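Take a look at the letters that make up each chain.
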Amino acid sequence: MQPLKIEIKNWFSSKRRIINMLIGLSAVVLYEIARATYRPYIYSQSINDFHIADTIGNSLGTVATIFVFTSLLGRDLAQDYFMIRTVTISVVVYELAHPLLGKSIDLWDLVATIITGVFCELIHRTIHVQAQETQ
């Protein structure tokens, strides 16, 4: 029980992990708001938003997954970057496995996932630049 308490204490004292968790949870909140307001509005008005409404769930879901996983499982920056790439590849594989679930492969979701994965790594590197300089 004592090692668990130490691990929890270390997690809460890690600024990097707290920031990653806040980004991930913010992406979940944004997704829920967009799903309830943005997507129905775009569809009802027949606005061409370049497939953002179609892929917003996948994009924000990928952001949430990446940052929550890096917060919970990433022990250092190298492991964070490995986690970002692994989650991105996993979501792409999940999208490619859609035919096994009786769904079609959505090319726009694949593109959005790859772009989001690259964007997440760039954001992570930008936010945690000070930690990179000390390693």
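Right, let's walk through the structure included here. (Residues numbered from 1 in each chain as written. Predicted model: local features only at pLDDT ≥ 70, side-chain atom pairs only at ≥ 80, totals over all residues. Heavy atoms only, no water.)

Examining the pattern of salt bridges
In the structure shown here, the tally under the stated rule is four salt bridges. Among the salt bridges present, the one from E32 reaches R35, with a minimum N-O distance of 2.6 Å. Taken together, the residues span about one helical turn, with E32 and R35 both in helix α2 (residues 15-44) at a distance of three residues. Given a relative accessible area of 36%, E32 falls into the partly exposed group. One salt bridge connects R85 with E121, and the closest N-O pair in it is separated by 2.6 Å. (Salt bridge = Lys/Arg side-chain N within 4 Å of Asp/Glu carboxyl O. Helix = DSSP H or I, 4+ residues; strand = E, 2+ residues; numbered from the N terminus. Buried < 20%, exposed > 50% of the residue type's maximum accessible area, 1.4 Å probe, protein only.)

Remarks on the environment of E121
Tracing the chain through its elements places E121 in helix α5 (residues 107-127). Note: C-alpha distance between E121 and I84 (37 residues apart in sequence) is 6.6 Å.

Focus: a nonpolar patch on the surface
Residues L107, W108, V111 and I115 make up a contiguous nonpolar surface patch of about 400 Å² in total accessible area. By secondary structure assignment, the location of I115 is in helix α5. (Patch = residues over 30% accessible without salt bridge, like charges linked within 9 Å, V, L, I, M, F, W, Y side chains within 5 Å. Areas by Shrake-Rupley, 256 points an atom, 1.4 Å probe, with all protein chains shown as cover.)

Here we look at the packing of aromatic side chains
Per the stated rule, a full pass over the model turns up zero aromatic pairs. Cation over ring: R125 sits above Y81, and NZ or CZ is 4.1 Å from the ring centre. (Phe/Tyr/Trp six-rings, centres within 6.5 Å; stacked < 30°, edge-to-face > 60°. Lys NZ or Arg CZ within 6 Å of the ring centre and 35° of its normal.)

Considering the environment of G74
Inspection of the secondary structure puts G74 in the loop between α3 (52-73) and α4 (77-96). On the basis of relative accessibility, which here comes to 0%, the residue G74 falls in the buried class. In this structure the C-alpha to C-alpha distance between G74 and R17, which are 57 residues apart in sequence, comes to 7.9 Å. Sequence-distant contacts of G74, defined by excluding residues within four places in its chain, comprise R16, R17, F69, Q79 and D80. (Contact = heavy atoms within 4.5 Å.)

Comments concerning the packing of helix α1 (residues 2-12) against α2
Two numbers describe how α1 lies on α2: the axes approach to 6 Å, and their chain directions differ by 75 degrees. Classed by the angle they form, the pair α1 and α2 counts as roughly perpendicular. Contact residues: E7, W11 and F12 in α1; R17, I18 and M21 in α2. When the residues that make up the contact of α1 with α2 are grouped by side-chain class, the tally is four nonpolar, no polar and two charged. (Axes fitted to C-alpha atoms, helices over the stretch in contact; angles between N-to-C directions. Parallel < 35°, antiparallel > 145°, perpendicular 65-115°, else oblique. Nonpolar A, V, L, I, M, F, W, Y, C, P; charged D, E, K, R; others polar.)

A few points about the nonpolar core
Counting residues in each nonpolar core, the largest one holds twelve residues, listed as A27, V63, A64, I66, F67, L77, Y81, M83, I84, V87, V91 and C120. Counting only elements with at least two residues in this core, the list comes to α3 and α4. Ranked by the residues each element gives to this core, the list is headed by α4, at six residues. Discounting chain neighbours no more than four positions away, the residues touching M83 are F69, T70 and L73. (Core = buried A, V, L, I, M, F, W, Y, C linked by side-chain atoms within 4.5 Å.)

A short note on the environment of S44
Mapping S44 onto the fold places it in helix α2. Judged by its relative accessible area of 53%, S44 is exposed. Only 3.0 Å separates the side chain of S44 from the backbone oxygen of Y41, close enough to count as a polar contact. (Polar contact = N/O pair within 3.5 Å; in protein donor to acceptor, adjacent residues only side chain to side chain.)

Just distances and angles here, no functional claims.
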